[in-house]
Amino acid sequence: MKFNDIVVQNILRDKWTYISYFLSSVFSIVVFFLFSITAFHPMLALIDTQSTLGITMMFASFFIYIFSFIFIIYSIFAFLKKKTKSLGLFMITGASMKQIRTMIFRENMLIGGAAIVTAIIIGLIVSPLFLMVAKRVLQADLFGMYIPYTAIILTIILFTILFFVVSKFMARFINREEAIQLLKADVTTEKVIAFAPIKFMLSVIVSGFLIISAKFEMKWILAFDTFYYMALFASLLFAIYFTITQGTLLGIRILEKRPSYFRKTNMLFVSNIKAKGRSHAHLIYLLTVLLLGVFLCTSVLYSSYYSVKEKTEILYPYSFQYTSLPGNTTEENDIAFIEATIGKSGKFDSFYSAFKTDENRRIGFMSLSNYNALGLHEGITLNDNEYYVAAGNEGILPSTNAIEDYALGQLKYAGLEKQNILMTGFQNVYYIVPDAIYETIELPVYKVFAYELENWPEKIDIAETILEKIPSVQDAHLISSKIGLYDTEKFVKSIMFFIGFMLSLIFLSAAMSILYFYLQTSLEAEKEKYRGIRKIGLSVKDLSSVVTKELAMLVFIPFSFASILLLVVIFGMRNMISASFYQMTAIGIGVFLLLFILSFLMIRRGYLKKLNHE
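Residues numbered from 1 in each chain as written. Predicted model: local features only at pLDDT ≥ 70, side-chain atom pairs only at ≥ 80, totals over all residues. Heavy atoms only, no water.

## Things to note about a nonpolar patch on the surface
Inference 1: Judged by side-chain polarity, I147, Y149, I153, I157, I161, F164 and V165 come together as a nonpolar surface patch covering roughly 700 Å² of accessible area.
Inference 2: Mapping I147 onto the fold places it in the loop between α5 (97-138) and α6 (149-173). (Patch = residues over 30% accessible without salt bridge, like charges linked within 9 Å, V, L, I, M, F, W, Y side chains within 5 Å. Areas by Shrake-Rupley, 256 points an atom, 1.4 Å probe, with all protein chains shown as cover. Salt bridge = Lys/Arg side-chain N within 4 Å of Asp/Glu carboxyl O. Helix = DSSP H or I, 4+ residues; strand = E, 2+ residues; numbered from the N terminus.)

## Details of the packing of aromatic side chains
Inference 1: Overall, the coordinates contain 21 aromatic pairs when judged by the stated rule.
Inference 2: Judged by centre distance (5.5 Å) and plane angle (55 degrees), the ring pair of F355 and Y446 falls under tilted. Remark: Y446 occurs in strand β7 (residues 445-453) and F355 occurs in strand β2 (residues 348-358); sequence separation between them is 91 residues. For the pair formed by F355 and Y446, the shared burial category is buried.
Inference 3: Here Y387 and Y431 contribute two aromatic rings whose centre-to-centre distance is 6.0 Å and whose plane-to-plane angle is 70 degrees, an arrangement assigned as edge-to-face. (Phe/Tyr/Trp six-rings, centres within 6.5 Å; stacked < 30°, edge-to-face > 60°. Buried < 20%, exposed > 50% of the residue type's maximum accessible area, 1.4 Å probe, protein only.)

## Points about helix α11 (residues 266-275)
Inference 1: Taken together, the buried positions of α11 are occupied by F269, V270, N272 and I273. One face of α11 carries all of its buried residues, which in axial projection span an arc of 160 degrees. (Arc of directions from axis to C-beta.)

## Focus: the nonpolar core
Inference 1: F159, M502, F507 and L554 are the most contacted members of the largest nonpolar core, which totals 89 residues.
Inference 2: The greatest single-element share of this core, amounting to 18 residues, is contributed by helix α18 (residues 482-535). (Core = buried A, V, L, I, M, F, W, Y, C linked by side-chain atoms within 4.5 Å.)

## Topic: the pairing of β2
Inference 1: Here β2 runs beside β7; their pairing, made up of 9 bridges, is antiparallel. Considered in β7, the bridge of K356 is made with V445.
Inference 2: With 3 bridges joining them, β2 and strand β3 (residues 363-367) adopt antiparallel strand pairing. The residue bridging K356 from the neighbouring strand is F365, located in β3.
Inference 3: If you look at the hairpin formed by β2 and β3, you'll find 4 residues sitting between the two strands, and R362 has a positive phi there, around 55 degrees. (Pairing = 2+ DSSP bridges.)

## Here we look at the sheet that holds strand β5 (residues 412-417)
Inference 1: One open sheet holds the 8 strands; their spatial order is β5-β4-β6-β3-β2-β7-β1-β8, and the pairing between them is mixed. Here the strands that pair on one side only, and so sit at the sheet edges, are β5 and β8 (477-480). Across the sheet, the mean angle separating the axes of adjacent strands is 25 degrees when strand polarity is ignored.
Inference 2: Packed on one face of the sheet, helix α17 (residues 460-469) meets β1 (320-324), β7 and β8 and runs near 15 degrees to β1. (Axes fitted to C-alpha atoms, helices over the stretch in contact; angles between N-to-C directions. Contact = heavy atoms within 4.5 Å.)

## A few points about the pattern of salt bridges
Inference 1: The tally for this structure, following the rule as stated, stands at 4 salt bridges.
Inference 2: Here E256 ties to K274 by a salt bridge, and the two come within 3.2 Å at their closest N and O atoms. Linking E256 in helix α10 (residues 226-257) with K274 in helix α11, this pair joins segments that are 18 residues apart in sequence.
Inference 3: Of the charged contacts in the structure, one is a salt bridge between D405 and R361, with a shortest N-O distance of 3.1 Å.

## Topic: a negative patch on the surface
Inference 1: A surface patch of like charges, here negative, comprises D461, E464, E468 and D487.
Inference 2: Counting residues per element, the negative patch draws most heavily on α17, which supplies 3 residues.
Inference 3: Secondary-structure assignment places E464 in helix α17. (Lys, Arg positive; Asp, Glu negative; His and termini not counted. Charge placed at Lys NZ, Arg CZ, Asp CG, Glu CD.)

## A few points about the side chain of S481
Inference 1: Mapped onto the secondary structure, S481 falls in the loop between β8 and α18.
Inference 2: Given a relative accessible area of 5%, S481 falls into the buried group.
Inference 3: A distance of 2.8 Å separates a polar side-chain atom of S481 from the backbone oxygen of S319.
Inference 4: A distance of 3.5 Å separates a polar side-chain atom of S481 from the backbone nitrogen of G484.
Inference 5: Residues contacting S481, with those up to four places away along its chain left out, are Y316, Y318, S319, F320, A463 and L467. (Polar contact = N/O pair within 3.5 Å; in protein donor to acceptor, adjacent residues only side chain to side chain.)

Shown next, in the form of structure tokens:
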């Protein structure tokens, strides 16, 4: 028998172990391939690669590939652990380390090649449906099917390199000492969780300090910039890790001291958890981090998709805002064209106002009458010696006392409108003063013509007609439309929504695969252990109860902990998020909870069936 025949026979004899590894690899490649089909779609070639959107697409592709790399390495580790007995038998029968390494390398390359081909075939089969969904999400009528040569070539090259590097690395990783450990794996006792209160407290304090620094916008953060965010990310990972490991240790000690410890199968359950506490804690940590990634992707990116209209209205309050500067000679014709065009689309409201501006400092002065003439905010009243302040930029509180730099007499501050009253960024601040004082100000006058259309999100054709005919002309007139901005933002958010969906999918699949691998690698040892326990009198029902509690702990503790962390993030960002965020978060967690309950029932059923199979 040739060496390659031994490799093939070894795969066929232990096919279920290889199938698990093969399927997890296929799924990772399919996700990357489908994303590549979208990313290299001819329609998206119009995106500037230097733009935020272009950089985001490239970053997402890179991130999915790197994650696939890490996930496949993890899968190989689990795969090798599962093959402990097979490798030990080969070594006992005289196989050299070089032959073992060669066999593992060829097995991995064979599985990797088959996984790449299978994933591309599956990807090509489901790509029409996938592109149909992407077409609906991205609202792109031209997003049709095409032959994805680039995606196919890229997937083959990148994952061939990935499997080659990983296989070579893993083959080198197995040395004689490692082989001895593998041979002893069945009788090696797992290390218990170390009591580490100092590391736990240190990680929490460092993370808390970094978060508080960001909360209060401390100046030292600017000096470190990228390094700060890397340190924050690393410290949070350490804090979560020590919280889970030390929390698991604390939970075991509490359960051991409870009176119910000696009732029914509780002692067996706690003892089992204590014996595998370290590996359980590591699994819970991995699942928690992955689920937190899923929740953040679904909540942040999905909610941003559904709050585009709300955010657009905040940035640009009016459907159209035409600002006429001093010396503008086309004002009359432009206004006539705008009103004639929007008049064909249905009902609309028009507002006329004006303000005087310090062009160097971008500080506007508006009369009380002109302020109240704008219709999308509440009217105000002022005494003769009062002034009111209105924001010019969205999300930035305006200066309330810069008006003191101008000779307007002794005016008293009367109140503040935090929301920008005209297009954001046009002026830094607007000071609303009595009409009599306004007339004394000697600054250039900007006239404002604002229009609000009924059902404005549906009037993109009107916006395109007007903006094409009347583009902004510097030193003459400026025109802005929330309709055009909404259309652009909707497209960008749709792609972000799509990227979030892909990342959520790969995080969730990784979490489920890791759980599956963990249960598979421990199955033989568990069967042996429970076979022995049944001999001393415990029934199948008692063992099922212990296994059910253990599986529930592995599935629902990461879910609960990730949900709590998400709530902490939401609470910290409560001033920056909209109502749709809470709605989408609740819907997302509800859907994932349902998926987890179904997954738990399926995993429990399959695991118990295998466990009780002699």
